[in-house]
Amino acid sequence: MTELGNVAKGLALGGLASLGVALTGLGSKSITSADEFEKSIIKYEVLLNSQEEAAQRAKEMQQLAAKTPFRLDELIRGDTFLQGFGIRSEDTLLTIADAAAISGSDFAELSRIMGQLSQSNSLDNIYQLAERGIVTFNELKEAGIEFAKDGSIINSTSETYTKVLAIIDKKFQGGSERISKTFGGQFSTLLDNINIKLAEFAKDSGLLDAATEFVGSLNSLFDDLNIKQIIEDIR
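Residues numbered from 1 in each chain as written. Predicted model: local features only at pLDDT ≥ 70, side-chain atom pairs only at ≥ 80, totals over all residues. Heavy atoms only, no water.

Visitor: Could you clarify how one ought to interpret the overall build of the protein in this entry?
Guide: Within the protein, the regular secondary structure consists of 12 helices and zero strands. Reading the protein from its N end, one meets helices and strands in the order α-α-α-α-α-α-α-α-α-α-α-α. A burial count over the protein gives 35% of its 235 residues as buried. Here the protein has roughly 14,200 Å² of accessible surface; of this, 56% comes from carbon and sulfur atoms. (Helix = DSSP H or I, 4+ residues; strand = E, 2+ residues; numbered from the N terminus. Buried < 20%, exposed > 50% of the residue type's maximum accessible area, 1.4 Å probe, protein only. Areas by Shrake-Rupley, 256 points an atom, 1.4 Å probe, with all protein chains shown as cover.)

Structural data, given as structure tokens:
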């Protein structure tokens, strides 16, 4: 074989090796994505006490991740906070998502703060929102929120929460969609869509089940492994 032929053969083998590594990586990623989605369903099953509702909610979060600049795990954590505080609704979810997208805040963290605000009139929650550029004290006063001389909020907790949510809704409406149209937003959406398709592939192809069974077999093998006996056999 000529030197040129050897070079061509080497390149071909190298290409096949790279392709093999890439396919292995995709397989691994698809299993990880599918596993994360299954875990989210289990989490919702406990939270909602319904397998059907859990599967539907997890699917909704997956679809929301595909069209917003947020990761699936971030959305699920935030959604869990809202559910736990008893203020979860589609409108509330989207309002907080819009505010988080424009302000650059973590969706889950902002959901937690809003949840706390719905249950407590603590000024600390207002400070946290103001620090993130979500609301200003002028906006709060214009909305009818009153402060005592010591700085505490005079309005009831429910009234304060309702007025703050209204401010956020008006101020940031459509924020997720606007950010999603930027390069960063489009790239984030692309990654989420890839993860969704990889998860579907791993689930529908049986790859996830096969990987789970294989790992289970390995665990059983190591559980039955008698190290002392092996050492004695070697001696």
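Visitor: What is the right way to look at the nonpolar core in this model?
Guide: One recurring pattern in soluble globular proteins: nonpolar side chains tend to sit buried together. Membership of the largest hydrophobic core comes to 40 residues, with the highest contact counts inside it found for M114, L129 and V164. Elements represented by at least two residues in this core include exactly helix 1 (3-48), helix 2 (51-67), helix 3 (72-85), helix 4 (90-103), helix 5 (107-119), helix 6 (123-131) and helix 8 (157-172). (Core = buried A, V, L, I, M, F, W, Y, C linked by side-chain atoms within 4.5 Å.)

Visitor: I would appreciate a short explanation of helix 8 in the present structure.
Guide: Structural remark: α-helix, 3.6 residues per turn; residues separated by three or four positions point the same way. In a regular helix each residue adds 1.5 Å, so 16 residues correspond to 22 Å; helix 8 covers 22 Å between its end C-alpha atoms and thus fits that length. Among all positions in helix 8, only T160, Y161, V164, L165, I167, I168 and F172 are buried. Projected down its long axis, helix 8 carries its buried residues within an arc of 160°, all on one side. If you follow the buried residues of helix 8, they end up packed against helix 4, helix 5, helix 6, helix 7 (137-142) and helix 9 (175-180). Two residues or fewer after helix 8 comes G174, characterised by a positive phi angle close to 80°. (Expected span 1.5 Å × (residues − 1). Arc of directions from axis to C-beta. Contact = heavy atoms within 4.5 Å.)

Visitor: How should I be thinking about the packing of aromatic side chains in this particular structure?
Guide: A full pass over the atoms with the stated rule returns three aromatic pairs. Ring geometry for F70 versus F107: centroids 5.6 Å apart, planes at 40°, classification tilted. Placement of the pair is F70 in the loop between helix 2 and helix 3 and F107 in helix 5, with a sequence separation of 37 residues. On the accessibility criterion, F70 (4% relative accessible area) is buried. A network of ring pairs unites the aromatic residues Y127, F137 and F147 as a single cluster. (Phe/Tyr/Trp six-rings, centres within 6.5 Å; stacked < 30°, edge-to-face > 60°.)

Visitor: What exactly am I supposed to notice about the pattern of salt bridges here?
Guide: Between side chains of opposite charge, a pair can form when the charged atoms approach closely. The tally for this structure, following the rule as stated, stands at nine salt bridges. Note that R71 and D73 form a salt bridge whose closest N and O atoms lie 3.1 Å from each other. A salt bridge links E109 to R132, with the nearest nitrogen and oxygen atoms 3.8 Å apart. Of the two residues, E109 is situated in helix 5 and R132 in the loop between helix 6 and helix 7; the sequence distance between them amounts to 23 residues. Here E109 falls in the partly exposed class, since its relative accessible area comes to 26%. (Salt bridge = Lys/Arg side-chain N within 4 Å of Asp/Glu carboxyl O.)

Visitor: Would you mind going over helix 5 with me for this structure?
Guide: The terminal C-alpha atoms of helix 5 lie 19 Å apart, and with 13 residues this matches the ideal 18 Å at 1.5 Å per residue to within 8%. Across the 13 residues that make up helix 5, a large majority, 10, are buried. Those residues of helix 5 that sit buried are F107, A108, L110, S111, R112, I113, M114, G115, L117 and S118. Those residues of helix 5 hidden inside the fold are in contact with helix 3, helix 4, helix 6 and helix 8. In this structure D106 caps helix 5, since a side-chain oxygen of it lies 3.0 Å from the backbone nitrogen of A108. (Polar contact = N/O pair within 3.5 Å; in protein donor to acceptor, adjacent residues only side chain to side chain.)

Visitor: Would you take a moment to explain the packing of helix 5 against helix 6 for this structure?
Guide: Orientation of helix 5 relative to helix 6, taken along the N-to-C sense of each, is 150°, at an axis distance of 9 Å. Taken together, the axis directions place helix 5 and helix 6 in an arrangement best described as roughly antiparallel. Note on packing geometry: the crossing formed by helix 5 with helix 6 is left-handed. Contacts from E109, L110, R112, I113, M114, Q116 and L117 in helix 5 reach N125, I126, Q128 and L129 in helix 6. When the residues that make up the contact of helix 5 with helix 6 are grouped by side-chain class, the tally is six nonpolar, three polar and two charged. (Axes fitted to C-alpha atoms, helices over the stretch in contact; angles between N-to-C directions. Parallel < 35°, antiparallel > 145°, perpendicular 65-115°, else oblique. Left-handed = near helix turned anticlockwise from the far one by under 90°. Nonpolar A, V, L, I, M, F, W, Y, C, P; charged D, E, K, R; others polar.)

Visitor: Quick question: what am I supposed to make of unusual backbone geometry here?
Guide: Most peptide bonds take the trans configuration, and most residues that are not glycine carry a negative phi. A positive phi angle, close to 55°, is found at N49, a residue other than glycine. With respect to the helices and strands, N49 occurs in the loop between helix 1 and helix 2.

Visitor: Explain a nonpolar patch on the surface to me, please; I cannot follow it from the model alone.
Guide: A cluster of nonpolar side chains, namely L190, L191 and I194, defines an oily patch on the protein surface of about 240 Å² accessible area. Within the secondary structure, L190 sits in helix 10 (residues 183-204). (Patch = residues over 30% accessible without salt bridge, like charges linked within 9 Å, V, L, I, M, F, W, Y side chains within 5 Å.)

Visitor: Quick question: what am I supposed to make of the environment of I179 here?
Guide: With respect to the helices and strands, I179 occurs in helix 9. Exposure remark for I179: the relative accessible area of 24% places this residue in the partly exposed category. In sequence terms I179 and P69 are 110 residues apart; their C-alpha atoms lie 6.9 Å from each other.

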